[in-house]
Each structure stands twice: as structure tokens, then as C-alpha cells.
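Chain by chain, the residues:
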Amino acid sequence: KLIDIMAEAPSSAVLLSISCNKLKNKDVGSLSDPQAILEMKRDGKYEIVGRTERIKDNLNPKFSTQPRVDYCFETMQEMRISVYDVDGNLLPEESDFLGHAEFTMGKIAGALDQMLVLPLKNRHDEGQKGESTVTIIMEEIKQGVNEVLTFLASARDLAKKDFFGKSDPYLCIFKSMPGGTWAKVLQTETFKNTLACQWKKSRINLELLCNSDWDRKLRFEVFDWNKSSEDAPIGDL
């Protein structure tokens, strides 16, 4: 009698940090509102496996949402990231297309510092004028830790960045990555026209914040939001 033994390919849970540079501006009177969609090819078709948040008025977005993927070491996993300018209540797939990039999980796992910088192509897989790019950084998740950190942040005596007002501050938290890069893990709400504020209480899983490494370096940076130009840095620590 024959006995069939099915063994699963070894796998590891990973996080993908995503950022873009030099996106096309599709909006009039403001900047594009980008959101990234992560897809994996299964049975010859791409299926959505994750998506980032939408960032308003930004052509160089650093997304804080890090899609989680199971990386199978001995399996070809074809991936695609598509970026859209999402306005109002439209779904990303109904919105203006900003470009896509294809890669494999094996390629990013074997890359220097597990980081890829890829050109964003149009629907015909052609490069775009202006050299829009997407950066993907992979990090393996430490298993067995599910702690959540709650914190409250405030700022005062901020620099005035707006010509006809004060500043519109929001806070971003970045975690250090191999190779000296930083990946955004959290962004607060924006306060309008003020030089002092206290943001809402935030909760973040330590898996996302620092991969449960208490000695990992973090960077806190405050920006001034702008509708029709790039957000201006106010200060960091």
C-alpha cells in the first residue's frame, strides 16, 4: 500500500514596508492622494493580499501600514504593487492609476538589506516619464509576541511654517531598518493652524513598531501638512 505524504513548504511571516517617490500628480489645485495595493499571483491571477492607508496630498508617500505576507522559501511567489490616486469615497480600483511594479518574494529576500527600489510602470508595463519609483523593505516577524503599546504625544513651541497661518502639525514615527534606512510605522491626525497640540492616544503592536526589539532605534518627526506642496519638516528627535 502506498502512503502519500504532503509536506508544506517552510515559510516565515514577514512585513513589507512601502514608500513611493516622484508620483504623478493627478489632482488639480492639490496633490495626488496615493494608496498602494499589494497583490499575489495565484493560479495565474493576481489577488489582493494587503493594502496601505491613503495619504492625502503627497507625491512622495511613506506608508505606515505594513502588509503581512507568508514568505514560502521554496515557492515562486509573484507579487505586484499598484498605486492609485484615491479621491473621496472611491475604491482604489476605481481611481486614477499611478503605476505598478512586479517582483518576487525571493528577489526581495535575496536583495541587499532585503530592500528593492523598482520603477513604477504604466498598464502597458512601460516606464513612465518622471521616473516614479516604489521602495519595498522586507522584515521577518519574531513569533510569539503580541504586546500592544499605548502612548500619548504632544508638542509645543513649534516653528511657524505657513505664510498666512501658523502650522498644521502631525507626528510620524519611524523605525530603523538595515542599511541605515527608516520605515514609517505610525502617523497621527493633523491639527490645523496651531503651534501646540496634543494628538489622540495611539495604540500600536510592538511587532509593527520595533519587531519586539526594545533596543531598536525610533525616530519621531513632526511635519507641517500642505495641500498643494510637499509637507514641510518641523523637527525630529
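Above this note sits the structure.
Remember, predicted model here, so these are calculated numbers, not experimental data. (Residues numbered from 1 in each chain as written. Predicted model: local features only at pLDDT ≥ 70, side-chain atom pairs only at ≥ 80, totals over all residues. Heavy atoms only, no water.)

J.: Help me get a handle on the side chain of Glu-53, residues and values and all.
T.: Secondary-structure assignment places Glu-53 in the loop between strand S3 (45-51) and strand S4 (68-72). The charged side chain of Glu-53 is buried without a salt bridge, its nearest counter-charge being Lys-184 at 4.6 Å. Among the polar contacts made by the side chain of Glu-53, one reaches the main-chain amide nitrogen of Ser-64 at a distance of 2.8 Å. Side-chain polar atoms of Glu-53 contact the side chain of Thr-65, separated by 2.8 Å. (Helix = DSSP H or I, 4+ residues; strand = E, 2+ residues; numbered from the N terminus. Buried < 20%, exposed > 50% of the residue type's maximum accessible area, 1.4 Å probe, protein only. Lys, Arg positive; Asp, Glu negative; His and termini not counted. Salt bridge = Lys/Arg side-chain N within 4 Å of Asp/Glu carboxyl O. Polar contact = N/O pair within 3.5 Å; in protein donor to acceptor, adjacent residues only side chain to side chain.)

J.: Which residues make up the sheet that holds strand S8 (residues 133-140), and what are the values?
T.: A sheet is described by the order of its strands in space; here 4 strands give the open sequence S4-S1-S8-S7, paired in antiparallel fashion. Both outer strands of the open sheet, S4 and strand S7 (115-119), are each paired with one neighbouring strand and no more. Neighbour-to-neighbour, the strand axes of the sheet open up by a mean angle of 35 degrees, direction not taken into account. The sheet contact formed by S7 and S8 spans 5 bridges and is antiparallel. Residue pairing across strands places Leu-116 opposite Ile-136, the latter belonging to S8. (Pairing = 2+ DSSP bridges. Axes fitted to C-alpha atoms, helices over the stretch in contact; angles between N-to-C directions.)

J.: Outline the pattern of salt bridges, supporting the account with residue identities and numerical values.
T.: Under the counting rule described, the total for this entry stands at 8 salt bridges. The salt bridge partner of Glu-39 is Arg-80, with a shortest N-O separation of 2.9 Å. Of this pair, Glu-39 sits in strand S2 (residues 34-42) while Arg-80 sits in strand S5 (residues 78-85), and the two are 41 residues apart along the sequence. Judged by relative accessible area, which is 11%, Glu-39 ranks as buried. With its nearest N and O atoms 3.2 Å apart, the salt bridge here joins Arg-42 to Glu-47. Given the relative accessible area of 36%, Glu-47 is considered partly exposed.

J.: Before we move on, could you go through the sheet that holds S3 and cite the residues and values that matter?
T.: Here we have 4 strands laid out as an open sheet, ordered S3-S2-S5-S6, and antiparallel in their pairing. Only two strands of the sheet have a single neighbouring strand rather than two, namely S3 and strand S6 (96-104). Strand-to-strand twist in this sheet, taken as the mean axis angle between neighbours without regard to direction, amounts to 30 degrees. Here S2 pairs with S5 via 7 bridges, running antiparallel.

J.: Give me the environment of Ser-82: which residues, what numbers.
T.: Looking at the secondary structure, you find Ser-82 in strand S5. Residue classification places Ser-82 among the buried residues on the basis of a relative accessible area of 3%.

J.: Break down the packing of aromatic side chains for me, with residues and values.
T.: With the rule as written, the count across this model stands at 4 aromatic pairs. Their ring planes at 65 degrees and their centres at 5.7 Å tell us that Tyr-84 and Phe-97 sit as a pair that is edge-to-face. One end of the pair, Tyr-84, is in strand S5; the other, Phe-97, is in strand S6, and 13 residues separate them in sequence. Accessibility assignment for this pair places Tyr-84 and Phe-97 in one class, buried. Above the plane of the ring of Phe-97 lies Arg-123, whose end atom (NZ or CZ) is 4.0 Å from the centre. Note that Arg-219 overlies the ring of Phe-174, its terminal NZ or CZ placed 4.5 Å from the centroid. (Phe/Tyr/Trp six-rings, centres within 6.5 Å; stacked < 30°, edge-to-face > 60°. Lys NZ or Arg CZ within 6 Å of the ring centre and 35° of its normal.)

Scope: geometric values only; no functional claims are made or implied.
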